[in-house]
Amino acid sequence: MEAVKAWSLSLQWQQPLKLLFSPESVRAIRLQKIQELRSKGLEPYAYRWDRTHSANQLQETYRNLENGEEVNSEKDHVSIAGRIVARRAFGKLAFLTLRDDSGTIQLYCEKGRLVSDQFEQLKNLVDIGDILGASGSIKRTEKGELSVYVNSFAILTKSLLPLPDKFHGLTHVDKRYRQRYLDMISNPEVADVFRKRAKIVSELRKTVESFGFLEVETPVLQGAAGGAEARPFVTYHNSLGRDLYLRIATELHLKRMLVFEIVVEPKLLQPTFVLDYPVEISPLAKRHRRHAGLTERFELFICGRELGNAFSELTDPVDQRGRLEEQTRQHNKKREEAKSETDSAEEKKKHNHDDDDDKESYEVTLDDDFLTALEYGMPPASGMGIGIDRLVMLLTNAASIRDVIAFPVPRNQE
């Protein structure tokens, strides 16, 4: 019975504690700390901080430092900056874990070493989540933790909201995608995925440029819907007084650039896995030189995912016009048939919300400017589209495409 009473009493205390440390109450307390900092003449949102090293650079430079050893020469005085993700205090000592974009390092803070009342500021005004700059020498503790032995510090950015529990506890998938900034703070491996993504894109660009290709910017908004059977996003341009379509494919504008090239070295790609697609589903690919009804096209699949799509570009303007006209005719025929259906009210409601049925609800028009450009003459060429998102998924072993997109479009919150 006594155990039950004690358990019941503990539950009575838990609820007030939850209320006390809610995000709203934490924010209110930290706003008060901001006022206190400013009353002391300290700016909680600094304008600059001169950093000499990253955390990883210090870990690498001083990896051979012995336990309990300190180096205090002039060259060993360092300056570092990052977010505080953990803290412990023992009387006149405080240990803070600082994380920057390279890794973590400990801040070893001793009351007698810090100037003025900085140790009291550290205890009372610095919170987990704050971004700090710290300067000092290098010391490895008796327990083997490499540390910046702090002489002085400054709050560079005062955090108002608490980080998820234990600073690595953000696991709700939808919240991770919706608040990617918090996801990257809480889960360092997430930010590493995007570093790898940037490197992958950079290496692809350098490789393609090394073969003499020129990078060209293509318009995001186009006058005609492009992208084969993909449903376009339509917007209205107020100044021009016309509808424009969000870019789906870039190749038509890239081909316009080729029309004015004198010589282009053919760069035909080796077929891989799935080859020679039918003409009907490859409106921009050149007809196969040996097999009627097929095109010279391949798609690369790895682990069940399409990573690349490549084909010999169709340069015959008459053939190209005929294919696009037939594609337009077939699409608009289905559109008219769909409009003339006499479904029940309930079926119509379902029809309006079904992506597969709704794909015929927009009108497709010919890109006459592209066809005209083609008639001036386009040299032999091959085209390849690489799914960067899926390539990054493969190289980083990501389970979902949303894991490699920094800001995926979130689902509506219920």
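The name given to the protein chain in an unreviewed UniProt entry is lysine--tRNA ligase, with Trema orientale as the source organism. In UniProt, the protein chain has this text filed under Sequence similarities (unreviewed entry): "Belongs to the class-II aminoacyl-tRNA synthetase family."

Caption draft 1: Layout of the overall build of the protein chain. Counting secondary structure elements, the protein chain contains 13 helices and 13 strands. Looking at the protein chain as a whole, 35% of its 414 residues are labelled buried. When the accessible surface of the protein chain is split by element, carbon and sulfur atoms take 54% of a total near 25800 Å².

Caption draft 2: Representation of the packing of helix 9 (residues 317–340) against helix 12 (residues 368–375). Closest axis-to-axis distance for the helix 9/helix 12 pair is 9 Å, and the angle between their directions is 160 degrees. In terms of axis orientation, helix 9 runs roughly antiparallel to helix 12. Every pair of crossing elements has a handedness; the one defined by helix 9 and helix 12 is right-handed. Mapping the contact onto sequence places Pro 317, Gln 320, Arg 321 and Leu 324 in helix 9 and Asp 368, Phe 370, Leu 371, Leu 374 and Glu 375 in helix 12. Tallied by class, the residues present in the contact of helix 9 with helix 12 amount to five nonpolar, one polar and three charged.

Caption draft 3: Highlighting the pairing of strand 4 (residues 104–110). The element strand 4 is largely enclosed, with a buried count of five among its seven residues. Relative to strand 4, strand 3 (residues 93–99) runs antiparallel, the two being bridged by seven bridges. Paired with Thr 97 across the bridge in strand 4 is Gln 106. Between strand 3 and strand 4, which pair antiparallel one after the other, the connecting turn spans four residues. Pairing of strand 4 with strand 6 (residues 146–157), which is carried by three bridges, proceeds in the parallel orientation.

Caption draft 4: Geometry of the packing of helix 7 (residues 188–210) against helix 13 (residues 388–396). Where helix 7 contacts helix 13, the two axes come as close as 10 Å, and the packing angle between them is 120 degrees. Classified by the angle between their axes, helix 7 and helix 13 sit oblique to one another. Note on packing geometry: the crossing formed by helix 7 with helix 13 is right-handed. In this structure, helix 7 uses Val 193, Lys 196, Arg 197, Ile 200, Val 201 and Leu 204 to contact helix 13, whose residues at the interface are Ile 388, Asp 389, Leu 391, Val 392, Leu 395 and Thr 396. Classifying every residue of the contact of helix 7 with helix 13 by side-chain character gives eight nonpolar, one polar and three charged.

Caption draft 5: Main features of the packing of aromatic side chains. Across all of its chains, the model carries three aromatic pairs by this definition. Ring centres 5.2 Å apart and planes at 80 degrees place the aromatic pair Phe 95 and Tyr 108 in the edge-to-face group. Of this pair, Phe 95 sits in strand 3 while Tyr 108 sits in strand 4, placing them 13 residues apart in sequence. The exposure class assigned to Phe 95 is buried, which follows from its relative accessible area of 13%. Note on Tyr 108: relative accessible area 12%, which makes it buried. Members of the aromatic cluster, connected to one another through ring pairs, are Phe 90, Phe 95, Tyr 108 and Tyr 149. Against the face of Tyr 149 rests Lys 139, its NZ or CZ located 5.6 Å from the ring centre. One residue, Arg 297, lies across the ring of Tyr 277, its end atom 4.2 Å from the ring centre.

Caption draft 6: Quick look at the sheet that holds strand 13 (residues 382–386). Read across the open sheet, the four strands follow the order 10-11-12-13; overall the sheet is antiparallel. Lying at the two open borders of the sheet, with one neighbouring strand each, are strand 10 (274–275) and strand 13. Note that strand 11 (residues 297–302) and strand 12 (residues 305–312) share six bridges and pair antiparallel. Within strand 12, the residue paired with Arg 297 across the bridge is Phe 311. The sheet contacts of helix 13 involve strand 11, strand 12 and strand 13, and relative to strand 12 the element is tilted by about 135 degrees.

Caption draft 7: Looking closely at unusual backbone geometry. For Asp 276, which is not glycine, the phi torsion reads 55 degrees and is therefore positive. Tracing the backbone shows Asp 276 in the loop between strand 10 and strand 11. Given a relative accessible area of 26%, Asp 276 falls into the partly exposed group. Here the phi dihedral of Asn 397 falls at roughly 60 degrees; this positive angle occurs in a residue that is not glycine. For Asn 397, the location among the structural elements is in the segment after helix 13.

Caption draft 8: Spotlight on the pattern of salt bridges. This model, assessed by the stated rule, comprises 25 salt bridges. For Glu 325, the salt bridge is made with Arg 321, and the minimal N-O distance between the two is 4.0 Å. A residue pair is termed a helical-turn pair when its members lie 3 or 4 positions apart in one helix, as Glu 325 and Arg 321 do in helix 9 at four residues. In this structure Glu 325 comes out as partly exposed when scored by relative accessible area, which is 38%.

Caption draft 9: Main features of the sheet that holds strand 7 (residues 221–222). One open sheet accounts for three strands, arranged 7-9-8; its pairing is antiparallel. Across the chains shown, the open sheet's two edge strands, defined by having one partner strand only, are strand 7 and strand 8 (234–237). The sheet contact formed by strand 8 and strand 9 (residues 242–246) spans four bridges and is antiparallel. Considered in strand 9, the bridge of Thr 235 is made with Leu 244.

Caption draft 10: A look at the side chain of Asp 76. By secondary structure assignment, the location of Asp 76 is in the loop between strand 1 (70–71) and strand 2 (78–90). Classification of Asp 76 as buried rests on a relative accessible area of 5%.

Reading the values: rules and limits
Residues numbered from 1 in each chain as written. Predicted model: local features only at pLDDT ≥ 70, side-chain atom pairs only at ≥ 80, totals over all residues. Heavy atoms only, no water. UniProt positions renumbered as here; feature names shortened; annotations may be inferred. Helix = DSSP H or I, 4+ residues; strand = E, 2+ residues; numbered from the N terminus. Buried < 20%, exposed > 50% of the residue type's maximum accessible area, 1.4 Å probe, protein only. Areas by Shrake-Rupley, 256 points an atom, 1.4 Å probe, with all protein chains shown as cover. Axes fitted to C-alpha atoms, helices over the stretch in contact; angles between N-to-C directions. Parallel < 35°, antiparallel > 145°, perpendicular 65-115°, else oblique. Left-handed = near helix turned anticlockwise from the far one by under 90°. Contact = heavy atoms within 4.5 Å. Nonpolar A, V, L, I, M, F, W, Y, C, P; charged D, E, K, R; others polar. Pairing = 2+ DSSP bridges. Phe/Tyr/Trp six-rings, centres within 6.5 Å; stacked < 30°, edge-to-face > 60°. Lys NZ or Arg CZ within 6 Å of the ring centre and 35° of its normal. Salt bridge = Lys/Arg side-chain N within 4 Å of Asp/Glu carboxyl O.

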